[in-house]
Amino acid sequence: MNIDSIRKDFPILEREVYGRKLIYLDNAATSQTPRCVVEAIEKAYFNHKANVHRGVHCLSQEATDAMELGRITACRFINAPSTDEIIFTRGTTEAINLVASSYGRLLQDDDEIILTVMEHHSNIVPWQLLQQRKRIKIKVVPITPDGSLDLDVYRSLFTRRTKLVSVCHASNVLGTVNPIAEMSRIAHEHGCVICVDGAQGVPHIKVDVQQLGCDFYAFSSHKMYGPTGIGILYGRRELLEKMPPYQGGGEMIGHVSFSGTTWADLPYKFEAGTPDYVDAAAFTSAVEYMDRTGIENIAAHEHSLLEYATPRLLEIPGLKIYGTAPGKCAVISFLIGHAHHYDTGMLLDKMGIAVRTGHHCAQPLMQSLGIEGTVRASFAVYNTTEEVDTFISTLARIAPMLQ
């Protein structure tokens, strides 16, 4: 790949922060957006802004076509069997809430759910909310010292009451990539459904939901060079057909009367109200951009940056990296001695380097690690070895100030 050419697609990388060229290493939170995606948004607003699925006029039909192309694109991108199994949401969080609220209604008191200690809050709190409505028991899989899931414990947690597993594809803190296909097989052997938080998966891994064998897969556009406020939930048709609607209103109905209402067919049963058809169209552009670049090329480049940065970071006295599982994504969470993660992040920011600090919406994981939070650097396709050099040399310079 020509990284210099790729960087030109992202105008924000040309800006300065505190008089220094921006080095953006917070991609696990939100990736930057290429010009073509913003142009797709502009095109939608300036050429065919109209409500979708409802109008006979030309603009409405064009907007509908653009939105449904986004659904087709998502279906192809993760190799789902049918577009009927692709539901637009506001992001991964809403998608998991949809599963917890809707599929959760099918669960019974005393049923069990298996989560892992490395989950993002968006894959913990929705199940706790379900727990407040039903007497559901939540079991948690721990991690091994390198940050891998303890699969022996995972296997041991299943009982006849276990009905669902919900797990992240990759940890936003540790970078650990979980063996979803194996976990799906084990879950299905026990008659359980498995839901996957793919927010950190799709930007870095070629995802095939049929090969993974999962029943639900959720992800967000804004972590894969797309617009904010739009996401995808894939669900197996037979499960979606059994699930009651998540929200009520326009678009998701078949027929409404005061004596009763029927629901629309899939996937519209779960898409109440006017959808974000503009960002759905822009999502297509983001996927096409990733396709042109090549997900394998993106992954290889990010991995090369990870391999380049890791040993150099460990040369800084007192620096500890959290998460060393083999095959991890290009995420490095670390602390320097007794320095507070916030102080480290603030000093880096003053040097024009954007990293993440805090618990990364993974407080149970931090508690299991015995820390309050970390500094996190995460790479994307537009990052360079020169940026890594600047990042590390800056860290080495400020480290003595922090300890």
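Residues numbered from 1 in each chain as written. Predicted model: local features only at pLDDT ≥ 70, side-chain atom pairs only at ≥ 80, totals over all residues. Heavy atoms only, no water.

Chemist: Even after reading the chapter, I still don't get the sheet that holds strand β14 (residues 331-336), so can you show me in this structure?
Modeler: Strand order in this open sheet of four strands is β13-β14-β17-β16, and the pairing throughout is antiparallel. Each edge of the open sheet carries a strand with a single partner, namely β13 (319-322) and β16 (356-358). For this sheet, the mean inter-axis angle between neighbouring strands, taken without regard to orientation, is 30°. In the sheet, β13 pairs with β14 via four bridges, with the strands oriented antiparallel. Residue Leu-319 lies in a different strand from β14, and its bridge partner there is Ile-336. (Pairing = 2+ DSSP bridges. Helix = DSSP H or I, 4+ residues; strand = E, 2+ residues; numbered from the N terminus. Axes fitted to C-alpha atoms, helices over the stretch in contact; angles between N-to-C directions.)

Chemist: Looking at this structure, I do not really get empty space enclosed by the protein. What am I missing?
Modeler: Picture a little ball the size of a water molecule; that probe, rolled over the atoms, points out where space is still empty. The tally for this structure, following the rule as stated, stands at one cavity of 30 Å³ or more. In this structure, the largest cavity occupies an estimated 40 Å³ of space. Looking at the lining of the largest cavity, its residues break down into four nonpolar, three polar and two charged. (1 Å grid on protein atoms, 1.4 Å probe; cavity = no way out; pocket = protein on both sides within 12 Å on 5 of 7 lines; lining within 4 Å. Points joined across faces, edges and corners; volume = space filled by probe spheres on them. Nonpolar A, V, L, I, M, F, W, Y, C, P; charged D, E, K, R; others polar.)

Chemist: Help me out: how do you make sense of the pattern of salt bridges in this one?
Modeler: Should the charged atoms of two oppositely charged side chains come close, the side chains can pair. With the rule as written, the count across this model stands at 18 salt bridges. A salt bridge links Glu-387 to Arg-7; the shortest N-O distance between them is 3.1 Å. With a gap of 380 residues between them, Glu-387 in helix α14 (residues 385-402) and Arg-7 in helix α1 (residues 3-7) connect regions that are remote in the sequence. For the residue pair Glu-387 and Arg-7, the accessibility class agrees, reading buried in each case. Glu-189 serves as the salt-bridge partner of Arg-185, at 2.9 Å between the closest nitrogen and oxygen. Of the two residues, Arg-185 and Glu-189 are both situated in helix α7 (residues 180-189); the distance of four residues between them amounts to about one turn of the helix. (Salt bridge = Lys/Arg side-chain N within 4 Å of Asp/Glu carboxyl O. Buried < 20%, exposed > 50% of the residue type's maximum accessible area, 1.4 Å probe, protein only.)

Chemist: Hey, could you run me through the nonpolar core in this one?
Modeler: One recurring pattern in soluble globular proteins is that nonpolar side chains are buried together. Membership of the largest hydrophobic core comes to 70 residues, with the highest contact counts inside it found for Ile-78, Tyr-154, Tyr-217 and Tyr-382. Here this core gets seven residues from one element, more than from any other, and that element is helix α10 (residues 277-293). Filtering out sequence-adjacent residues up to four positions away, Tyr-382 remains in contact with Ile-3, Ile-6, Arg-7, Phe-10, Leu-13, Tyr-24, Asn-27, Ser-31, Gln-32, Tyr-225 and Glu-387. Core analysis: the second largest hydrophobic core is formed by 27 residues, Leu-25, Leu-313, Ile-321 and Ile-392 among them. (Core = buried A, V, L, I, M, F, W, Y, C linked by side-chain atoms within 4.5 Å. Contact = heavy atoms within 4.5 Å.)

Chemist: For this particular structure, what's the right way to read the pairing of strand β6 (residues 137-141)?
Modeler: Along any regular strand, the residues point their side chains to alternate faces of the sheet. In this sheet, β6 lies alongside strand β5 (residues 112-116) in parallel orientation, the contact comprising five bridges. Within the sheet, the bridge partner assigned to Thr-116 lies in β6 and is Val-141. Handedness of the crossover is the feature at issue here: the chain leaves β5, passes through helix α5 (residues 125-133), returns alongside β6, and the resulting connection is right-handed. (Right-handed = clockwise from strand over helix to strand, strands pointing away.)

Chemist: When you look at the environment of Ser-101 in this model, what are you seeing that I'm missing?
Modeler: With respect to the helices and strands, Ser-101 occurs in helix α4 (residues 92-102). Taking C-alpha positions, Ser-101 is 9.2 Å from Pro-245, a pair spaced 144 residues apart along the chain. Setting aside its immediate chain neighbours within four residues, Ser-101 contacts Arg-133 and Tyr-246.

Chemist: Quick question: what am I supposed to make of the layout of surface pockets here?
Modeler: Reported here for the largest pocket is a volume of approximately 420 Å³. Along its surface, the largest pocket is lined by 27 residues, and Ala-28, Ala-29, His-120, Asn-172 and Lys-223 are the ones closest to its centre. Only α4 and β16 provide two or more residues apiece to the lining of the largest pocket. Here the lining of the largest pocket gets three residues from one element, more than from any other, and that element is β16.

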